[in-house]
Amino acid sequence: MDIVVSGIRSTGKLHLGNYFGALKNFIKMQHENKCYFFIADYHSLTTHPTPENLHGSVKQVLAEYLACGLDPEVATLYIQSDLPEIPELYLLLNMNAYLGELERCTSFKEKIRKHPNNVNAGLLTYPTLMAADIIIHRAHKVPVGKDQEQHLEMTRTFANRFNRLYNVEYFPEPVAYNFGEELVKIPGLDGSGKMGKSEGNAIYLSDDPETIRKKVMKAVSDSGPTEPNQPKPEAIQNLFTIMKVVSTPDTYAYFDDKYNTCQIRYGDLKKQLAEDITRFTDPFREKIEAILADNKYLSDVAEMGAEKARQSASQTIKEVREIIGFRRF
Ligand code: TRP
């Protein structure tokens, strides 16, 4: 069985786009591989969260992933900072990571541009920490999107460099992994582009019905078609795309027909869409709330995950130390 590792950003609540994108993939792949999923709380320190924010968001993210169906009995679900082996491997990898290659990393350049007053060493060495996350379990596959391709390439560089330096074939070369064709891209509510938290166009799984209704009623639309059977403009297509995943086929067909015969009333469509989104997200919201209220369950899950993850991580560190030459007399 292949070993899969993926990090989950510890900030930000899950929205519909996350659910139909990455998350459904995770849920599916947990049964077909040996999966390690972790909440990347060390990585989040580059932005200096307060202790309360850090703790609160890790808890929220863990509860949301559990509510959506990541099964802690099937996958190994843990919190990154519970594994001291990760910073140890990070230190070792940093000794062979070059300033030039770290500085050339696109995500680093982007951070410098956006936050010139917070260019810290954690940001510069983000790719070595991510490499440590992945190769600590000697992973084969990493389910990440396009935006992480360069980080994954750097992981391969660091893994290969280690192998070459010590003349071993210890770390496999991890490759990107997803169920590409089955990924549904969920658009945002602002007329163009995809749903994302920074765009402020998202519906969160934890949103209450009233919030959902307000967001959907405000979604960008237009004055309606003037001729029958015309292609839909992007903003309208986006509403239909969301409808396709949350509403029944009958509902979708009904509004599609109204559109094609120029009888559509967007107010009606949005009202229906808001209701259907609510019906879809309600069970998630309830589960998230129940899990958040159950500290014992959350701490059991985190502890069990940390224990399973440390078995694999401590084995790797033991062997790496031996390879490097940290040996007993
Ligand atoms: N960099 C990833 C992101 O921003 C999160 C991440 C951290 C990650 N470590 C990882 C993803 C290891 C996959 C494997 O989404």
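Residues numbered from 1 in each chain as written. Predicted model: local features only at pLDDT ≥ 70, side-chain atom pairs only at ≥ 80, totals over all residues. Heavy atoms only, no water.

1. Observations regarding the packing of helix α11 (residues 249-260) against helix α12 (residues 266-292)
- One can describe the packing of α11 onto α12 by two numbers: an axis separation of 11 Å at closest approach and a directional angle of 165°. Considered as vectors, α11 and α12 are oriented roughly antiparallel to each other. Between α11 and α12 the crossing geometry is left-handed. Of the residues in α12, those touching α11 at Thr251, Phe255 and Tyr259 are Tyr266, Asp268, Leu269, Gln272 and Asp276. (Axes fitted to C-alpha atoms, helices over the stretch in contact; angles between N-to-C directions. Helix = DSSP H or I, 4+ residues; strand = E, 2+ residues; numbered from the N terminus. Parallel < 35°, antiparallel > 145°, perpendicular 65-115°, else oblique. Left-handed = near helix turned anticlockwise from the far one by under 90°. Contact = heavy atoms within 4.5 Å.)

2. With respect to the site of the ligand
- Ser6, Gly7, Arg9, Phe38, His43, Tyr126, Met130, Asp133, Ile134, Val142, Val144 and Gln148 make up every residue found near the ligand.
- Tyr126 has a polar side-chain atom sitting 2.8 Å from a nitrogen atom of the ligand.
- Of all the secondary-structure elements, those providing two or more residues to the shell around the ligand are β1 (3-9) and α7 (126-135).
- The dominant element in the shell around the ligand, judged by the number of residues it contributes, is α7, at four residues. (Near = heavy atom within 4 Å. Polar contact = N/O pair within 3.5 Å; in protein donor to acceptor, adjacent residues only side chain to side chain.)

3. Looking at the packing of aromatic side chains
- Under the definition given, this model contains 13 aromatic pairs.
- Ring centres of Phe26 and Phe37 lie 4.5 Å apart, and the angle between their planes is 15°; on these two criteria the pair is classed as stacked. Pair noted here: Phe26 is in helix α1 (residues 16-29) and Phe37 is in strand β2 (residues 34-40), with a separation of eleven residues, a long-range link.
- On the accessibility criterion, Phe26 (5% relative accessible area) is buried.
- Take Phe37: its relative accessible area is 0%, and that puts it in the buried class.
- Aromatic side chains Phe162 and Phe171 sit 5.1 Å apart centroid to centroid with 65° between the ring planes, which places their arrangement in the edge-to-face category. Here Phe162 and Phe171 have matching classes, each one buried.
- Each residue in the set Tyr19, Phe20, Phe280 and Phe284 is aromatic and connected to the rest through ring pairs, giving one cluster. (Phe/Tyr/Trp six-rings, centres within 6.5 Å; stacked < 30°, edge-to-face > 60°. Buried < 20%, exposed > 50% of the residue type's maximum accessible area, 1.4 Å probe, protein only.)

4. Re the packing of helix α2 (residues 51-68) against α12
- Close contact between α2 and α12 brings their axes to 8 Å; oriented N to C, the two are set at 130°. Comparing their axes, α12 and α2 come out oblique. Relative to α12, α2 is oriented so that their crossing is right-handed. Touching Lys59, Gln60, Ala63, Glu64, Leu66, Ala67 and Cys68 of α2 are Phe284, Lys287, Ile288, Ile291 and Leu292, all from α12.

5. Observations concerning the pairing of β1
- The buried count for β1 comes to five of seven residues, which makes it a mostly enclosed element.
- As defined by bridge partners, β1 adjoins β2 across seven bridges and the pair is classed as parallel. Looking across to β2, one finds that Gly7 is bridged to Phe38.
- At this point the chain moves from β1, through α1, to the parallel β2, and the crossover so formed is right-handed. (Pairing = 2+ DSSP bridges. Right-handed = clockwise from strand over helix to strand, strands pointing away.)

6. Notes on the domain arrangement of the chain
- Segmenting the chain into domains produces domain 1 (3-184 + 295-324) and domain 2 (209-289).
- Computed from C-alpha coordinates alone, the two centres of domain 1 and domain 2 are separated by 36 Å.
- On the side of domain 2, eight residues touch domain 1, which itself brings nine residues to the contact.
- Between domain 1 and domain 2, roughly 730 Å² of surface is buried when both sides are summed, and carbon and sulfur atoms account for 87% of that area. (Domains from an automatic or database assignment. Buried area = accessible area lost by both parts, 1.4 Å probe.)

7. A look at unusual backbone geometry
- Within the chain, Asn167 stands out as a residue other than glycine whose phi angle is a positive 55°.
- Among the secondary structure elements, Asn167 is positioned in the loop between α8 (149-165) and β5 (175-176).
- For Asn229, which is not glycine, the phi dihedral falls at a positive 55°.
- Here Asn229 shows up in the loop between α9 (209-217) and α10 (234-246).
- According to the relative accessible area criterion, Asn229 is exposed, its value standing at 58%.

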